[in-house]
Amino acid sequence: MRDQCTRWKTGGRTLSLQPRELQEVLDHARLQQSDEQWRAKYGSRAGVEGTIHQAVAVTGIRRARYLGLQKTHLEHVLSAVALNLIRLDAWWNGHPLDRTRVSHLARLGLSLAA
């Protein structure tokens with residue numbers, strides 16, 4: 001029946017099973033993720049992670065340009081001010097900040113529909 005399941009000549013499909021305790025923990029976590037309260041809590045975390053990503057991408061804050069605690073603190077404060085100005089500009093001009101990622105498969109589906 002291998003030729004009906006896969007095109008591999010020597011290998012085949014594999015099924016990986018977790019230990020029971022780990023699988024129960026994963027199932028419980030997935031069940032919690034379907035709760036609206038969990039989604040609201042995760043939404044705020046996603047916002048924080050988006051802010052951190054924007055700070056790293058725009059200002060390069062992951063690595064300090066200067067030596068010394070006072071200069072590094074000043075750099076972080078100026079980076080925060082720059083991010084706030086970028087966000088204010090986007091809000092005043094009506095431009096959304098998020099650029100949601102579109103997968104290759106979704107792009108293909110959109111191009112086929114057009």
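Please refer to the structure higher up on the page.
Conventions adopted
Residues numbered from 1 in each chain as written. Predicted model: local features only at pLDDT ≥ 70, side-chain atom pairs only at ≥ 80, totals over all residues. Heavy atoms only, no water. Axes fitted to C-alpha atoms, helices over the stretch in contact; angles between N-to-C directions. Helix = DSSP H or I, 4+ residues; strand = E, 2+ residues; numbered from the N terminus. Parallel < 35°, antiparallel > 145°, perpendicular 65-115°, else oblique. Contact = heavy atoms within 4.5 Å. Nonpolar A, V, L, I, M, F, W, Y, C, P; charged D, E, K, R; others polar. Salt bridge = Lys/Arg side-chain N within 4 Å of Asp/Glu carboxyl O. Buried < 20%, exposed > 50% of the residue type's maximum accessible area, 1.4 Å probe, protein only. Phe/Tyr/Trp six-rings, centres within 6.5 Å; stacked < 30°, edge-to-face > 60°.

Trainee: Please set out the packing of helix 3 (residues 36-59) against helix 4 (residues 69-93) residue by residue, giving values where relevant.
Mentor: To describe two helices that pack against each other, one gives the angle between their axes and the distance between the axes. Helix 4 packs onto helix 3 with a crossing angle of 105° between their chain directions and a minimal axis gap of 10 Å. The orientation of helix 3 relative to helix 4 falls into the category roughly perpendicular. From helix 3, Thr51, Gln54, Ala55, Val58 and Thr59 reach across to helix 4, where they touch Ser79, Leu83, Ile86 and Arg87. In terms of residue class, the contact of helix 3 with helix 4 is made up of four nonpolar, four polar and one charged.

Trainee: Go over the side chain of Thr59 with me, naming the residues and quoting the values.
Mentor: Within the fold, Thr59 resides in helix 3. Setting aside anything within four residues of it in sequence, one finds Thr59 in contact with Gln54, Arg65 and Ser79.

Trainee: Residues and numbers for the pattern of salt bridges, please.
Mentor: Per the stated rule, a full pass over the model turns up two salt bridges. Between Glu49 and Arg45 there is a salt bridge; the shortest N-O distance is 2.8 Å. A residue pair is termed a helical-turn pair when its members lie 3 or 4 positions apart in one helix, as Glu49 and Arg45 do in helix 3 at four residues. On the basis of relative accessibility, which here comes to 38%, the residue Glu49 falls in the partly exposed class. Arg65 serves as the salt-bridge partner of Glu75, at 3.2 Å between the closest nitrogen and oxygen. Of this pair, Glu75 sits in helix 4 while Arg65 sits in the loop between helix 3 and helix 4; the two residues are 10 residues apart in sequence, bridging distant segments of the chain.

Trainee: An account of the packing of aromatic side chains is requested, with residue identities and associated values reported.
Mentor: Any two aromatic rings considered together are summarised by their centre-to-centre distance and by the angle between their planes. Applying the stated criterion to the full structure yields one aromatic pair. Ring geometry for Trp38 and Tyr42: centres 5.2 Å apart, planes at 5°, overall stacked. Residue Trp38 and its partner Tyr42 are both found in helix 3; the two are separated by four residues, about one turn of the helix.

Trainee: Give a detailed account of the environment of Ser79, specifying residues and quantitative values.
Mentor: In this fold, Ser79 is placed in helix 4. The spatial distance from the C-alpha of Ser79 to the C-alpha of Val58 is 8.7 Å, given a sequence separation of 21 residues. Excluding its chain neighbours within four sequence positions, the residues that come into contact with Ser79 are Thr59 and Ile61.

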